[in-house]
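Geometric and topological summary
Residue strings, one per chain:
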Amino acid sequence: MKTLLIQIKSLVIVVFVMNATSLNAQKAETPDHNYELGAKINEMTITEGGTVVVATNDGLVGIKPGQDGLLFNFTDYGRVKPEELNFIPRAPYVVVGQTGFGGLQTKSAVIDYMSGKVLFSTEKNGWKAIGMSQVLMPSNKLIVSGQRRSDEKFVQAVAIYDLNTGDQISFYAFKGTRQAMGTPLVLSDGVIIPTTKGLMKIDMTSGNVLWENELKYIGWMVADDTEKDIYAFASTSNKKNTKIYKIGANGASTWADERKVKGNVSNFQILSQGLAVVSDVAGSSSTFGAASESKIALLSASNGEDLWEKAPKTKGYVQHFYIMDDGILFGIKEGGINKISYDGQTLFKKPLKTGENILTMATTPQGLIYITSEDANIVNLETGDQVWKKPLKFKRADVVSSDYDKKNDRYLITADEKLYSIDANSGTSELLAEAKFEGKEDPTSVEVRDGGILLASDQNMMMLDWNGDNSWHEYKRAPGKSAFGAILAGVTAVAAATASASASYEANMTERNRIGQYTARGDRLNNLSAGMSSAAGASVAEMLKRFKATSATQDAQFVLTKLDDGVGLVKLNKDTGEVEKEIILKDKKPEYQVDEFGGFLYYKVNDKTIYAYNLNN
């Protein structure tokens, strides 16, 4: 797997505080593109598709890499706050939502940031307020429920829109005081809608109600492949537990009683052996109160009863959860890995103890490799025995990075300023090198190159030969503490990982809870392409093209440093350490963002202007 990191370095966003006086006194290098936004810039975001979305005092602006002029300038809602933006993971859409009285969205719009088109808005599509809206991928649809405007007598309704065109596909108006709540389930022959009076299945083409039942307060639903078995989830009144119901294709309950599980369901999968359920329980703050932990259960699909006499102990929250041929493998955030068969028997001889925060769990020819913030090892997936005689241990590191050296058949792990080598066959480990980086930095990445092993951080690059000896070391001094802000990596990916159970169930159905191979493509790009590959549309195709292309950082690293003519960005060759490009910003406290995948620098020159530099040239 290409360089596993606690940070996912696809996008690196470095934010600085502006110094207006110095900006007016100096002028940056001539850019490839100059964007005049006409309003004060408040925030810049590089999207997964590469488009830069800029929040200004007037609204929202889109900048397409390599394209002159603005892609779009959305000013309908005036100033947009960061919390009013929702970038849909693995999709080319940003949703703008401004909330009014009662938590309802009185203004909402969906913008395709690849084409610049506004596909939906409450005003254009006749909505007074929206209670629920959800982008459905990979079907590329938007489902909306809420209150219509006065010309429709403020009726409560639900509608579905095609996000390829923005056209309304179907519409249904509720009768009486019934209102939609929760997340609807779109099926091949209709939509099941949770309402204040129960579930309704509606043929959205004809508007006919196909069936109704009295299951209230349903939050979300899941159907099996046949759409004949449907599972509905509702939180209890105290929000601490979850009720699970099963209904048939006609809406009738097929279990005698609902199944109640402790906590909130965070993972759910329909298997031939039963229903795998993970629920998270919030512990008590009192000394003798219940602990915070996940519960794992396997329920009978026929009656909802627990198939295991004794649930596996977790003693923490489930961080990794994988469906295997012979059972369920899981890793705990607080430390620990275990495996249980579908008949409830523990497959490991004993629970495996690990360090906290399991960063990586992946398969290798020797077994399961795990890497935490404190240790690493390979485990026999049948017995749980450790393959390496001793786990590789290190201090609790802020960043742990690893890569596989195919040429020498070994794993390379860097932590605590040290580079360790582990023979893939024997499991023997050795300290290959100690990296002495300048500027009080530690290595944050390790990468196997054709000519050796590259260690890198923000300001340092060091090439080692296969024996761990230093071939070259480049250090570019930082411009000073005042010029550096927080480095935020993988923001979009983190947001995707914390999506609700219902949303995650819809995405990438065939790959859910399947463990990957350590030598597979990098996690982030693999997940993005897999999640989008079955979706249609020109904008999705354009995003896929970006991720199938070669990353701008495959052979180069971008570093902010102090140059002879002022502060600037340099492009360093990963194989030689040589400077391939310099861009002088002439700003002691620059504010900028680098799209390291696409290879563009976006520099905020003043309150209303952005310069773009193509780093690929």
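Predicted model, so just to flag it, every value in this text is computed and none were measured. (Residues numbered from 1 in each chain as written. Predicted model: local features only at pLDDT ≥ 70, side-chain atom pairs only at ≥ 80, totals over all residues. Heavy atoms only, no water.)

What follows is about a negative patch on the surface. Taken together, the side chains of Glu 29, Asp 32, Asp 564, Asp 565 and Glu 582 define an acidic patch exposed on the protein surface. For Asp 565, the location among the structural elements is in the loop between strand 43 (556–563) and strand 44 (566–573). (Patch = residues over 30% accessible without salt bridge, like charges linked within 9 Å, V, L, I, M, F, W, Y side chains within 5 Å. Areas by Shrake-Rupley, 256 points an atom, 1.4 Å probe, with all protein chains shown as cover. Salt bridge = Lys/Arg side-chain N within 4 Å of Asp/Glu carboxyl O. Lys, Arg positive; Asp, Glu negative; His and termini not counted. Charge placed at Lys NZ, Arg CZ, Asp CG, Glu CD. Helix = DSSP H or I, 4+ residues; strand = E, 2+ residues; numbered from the N terminus.)

Before going further, it helps to spend a moment on the nonpolar core. One finds Tyr 93, Phe 120, Trp 127, Val 135 and Leu 142 to be the most contacted residues of the largest nonpolar core, which totals 20 residues. Going through the elements one at a time, strand 9 (93–99), strand 11 (117–121), strand 12 (127–136), strand 13 (141–148), strand 14 (156–162) and helix 5 (538–548) are the ones with two or more residues in this core. Excluding residues within four positions of it along the chain, Leu 142 makes contact with Val 110, Phe 120, Ser 133, Gln 134, Val 135, Ala 159, Ile 160, Tyr 161 and Leu 163. Of all hydrophobic cores here, the second largest spans 18 residues; its members include Val 53, Ala 55, Tyr 113 and Phe 597. (Core = buried A, V, L, I, M, F, W, Y, C linked by side-chain atoms within 4.5 Å. Buried < 20%, exposed > 50% of the residue type's maximum accessible area, 1.4 Å probe, protein only. Contact = heavy atoms within 4.5 Å.)

On to the packing of aromatic side chains, then. Tallied over the entire structure, the rule returns 13 aromatic pairs. Aromatic pair Tyr 404 and Tyr 411: ring centres 5.4 Å apart, planes at 45°, arrangement tilted. Ring geometry for Phe 600 and Tyr 602: centres 6.3 Å apart, planes at 25°, overall stacked. A single burial state applies to Phe 600 and to Tyr 602, both of which are buried. Sitting over the face of the ring of Trp 127, Arg 148 holds its NZ or CZ atom 4.6 Å from the ring centroid. (Phe/Tyr/Trp six-rings, centres within 6.5 Å; stacked < 30°, edge-to-face > 60°. Lys NZ or Arg CZ within 6 Å of the ring centre and 35° of its normal.)

We now examine the confidence of the model for the chain. Of all residues in the chain, 86% have pLDDT values of 70 or greater, and the mean over the chain is 85. Note that pLDDT drops below 50 for residues 481–510; the model gives that stretch 48 contacts with residues more than four away or on any other chain. Confidence over residues 520–526 falls short of pLDDT 50; this stretch has 18 contacts with residues more than four positions distant or in other chains. (pLDDT = per-residue confidence, 0-100.)

Pairing between side chains of opposite charge can happen when the charged atoms of each approach one another. Tallying each qualifying case throughout the model produces 17 salt bridges. For Glu 152, the salt bridge is made with Arg 148, and the minimal N-O distance between the two is 2.9 Å. Among the charged side chains, a network of salt bridges with common partners joins Glu 447, Arg 449, Asp 555, Lys 574 and Asp 575.

Before going further, it helps to examine the environment of Tyr 161. Among the structural elements, Tyr 161 can be located in strand 14. Sequence separation between Tyr 161 and Lys 141 is 20 residues, and the spatial gap between their C-alpha atoms is 5.6 Å. Apart from residues no more than four positions distant in its own chain, Tyr 161 is found in contact with Phe 120, Asn 125, Trp 127, Asn 140, Lys 141, Leu 142, Val 144, Arg 148, Gly 166, Asp 167, Gln 168 and Ile 169. Here the side chain of Tyr 161 touches Trp 127 through a polar contact of 3.0 Å, side chain to side chain. A polar contact is formed between the side chain of Tyr 161 and the side chain of Gln 168, at a distance of 3.5 Å. (Polar contact = N/O pair within 3.5 Å; in protein donor to acceptor, adjacent residues only side chain to side chain.)

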